[in-house]
Amino acid sequence: MPWGLPYTERNKELHVPDQTITCRDCGTNFIFSDSEQQFFAEKGFTNAPSRCPDCRRANRAGGGSSRGGGASRDRVMTDVTCSSCGKLTQVPFVPRGDRPVYCSDCFATQRGGSSYGGGRRY
Ligand SMILES: [Zn+2]
Ligand SMILES: [Zn+2]
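So, here's what we can say about the structure. Model, not experiment: these values are computed from the prediction.

What counts as what
- Residues numbered from 1 in each chain as written.
- Chains lettered and ligands numbered in written order.
- Predicted model: local features only at pLDDT ≥ 70, side-chain atom pairs only at ≥ 80, totals over all residues.
- Helix = DSSP H or I, 4+ residues; strand = E, 2+ residues; numbered from the N terminus.
- Buried ≥ 20, exposed ≤ 12 C-beta atoms within 10 Å, placed from the backbone.
- Contact = placed C-beta atoms within 7 Å.
- Pairing = 2+ DSSP bridges.

**Let's talk about the overall build of the chain**
Scanning the chain from terminus to terminus reveals three helices and four strands. Mapped in sequence order, the helices and strands of the chain form the string β-β-α-α-β-β-α. Relative to its 122 residues, the chain shows a buried fraction of 3%. A separation threshold of at least 6 residues defines the contact pool for the chain, and within that pool the share at least 24 residues apart is 22%.

In structure tokens form, the structure reads like this:
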């Protein structure tokens with residue numbers, strides 16, 4: 001006996017339904033709207049944000065804040081623009097302004113490319 005079509009049927013539509021996510025920092029429910037989901041997808045992110053916009057902003061602005069207590073266990077991902085290709089990416093640290101930051105692709109290229117053929121060092 002059919003109970004009606006499952007909700008996943010909606011995934012056939014191009015329009016992605018808004019997601020409601022509970023912020024893991026403050027516990028607030030926030031909307032991960034379809035436009036934000038598209039924005040994330042364009043940036044190549046596969047995971048939905050786990051924090052509300054406020055906490056994300058606070059996290060980004062806070063730098064090395066130790067206010068949160070046990071937050072140091074989590075890697076803080078920071079949005080950066082790759083110094084090489086200009087792509088938006090995330091790095092697991094807070095970059096200093098005086099150093100170039102690369103996306104993972106360019107980082108691998110920089111590492112492997114510069115000393116290529118010169119004997120491998122780890
Ligand atoms: Zn929050
Ligand atoms: Zn790059």
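There's more to say after this.
**What about the environment of Lys87?**
If you trace the backbone, Lys87 turns up in the loop between strand 3 (78–81) and strand 4 (88–91). Of the residues examined, Lys87 has 15 C-beta atoms within 10 Å and is grouped as partly exposed. In the structure, Lys87 is positioned 19 residues away from Cys106 in sequence and 9.8 Å away in space, judged by C-alpha atoms. Look past the residues within four positions of Lys87 in its chain and what remains in contact with it is Cys82 and Cys103.

**As for the environment of Asp54**
Within the secondary structure layout, Asp54 lies in helix 2 (residues 53–62). Under the C-beta neighbour-count criterion, Asp54 is labelled partly exposed, with 13 such atoms within 10 Å. When the C-alpha positions of Asp54 and Thr28 are compared, they lie 9.9 Å apart, and in sequence the two are 26 residues distant.

**Observations concerning helix 1 (residues 34–43)**
Note that an α-helix has 3.6 residues per turn; residues three or four places apart therefore point the same way. The element helix 1 is barely covered by neighbouring structure, given that only zero of its 10 residues are classed as buried. A positive backbone phi angle near 90 degrees is found at Gly44, which sits one or two residues after helix 1.

**Considering the pairing of strand 4**
Pairing analysis gives four bridges linking strand 3 to strand 4, with the strands arranged antiparallel. Counted as the bridge partner of Thr78 is Val91 from strand 4. The turn linking strand 3 back onto strand 4 is made up of six residues, and Gly86 within it adopts a positive phi angle of 80 degrees.

**Focus on the environment of Val80**
Tracing the chain through its elements places Val80 in strand 3. Not counting chain neighbours up to four residues away, the residues in contact with Val80 comprise Thr89, Gln90, Val91, Pro95 and Val101.

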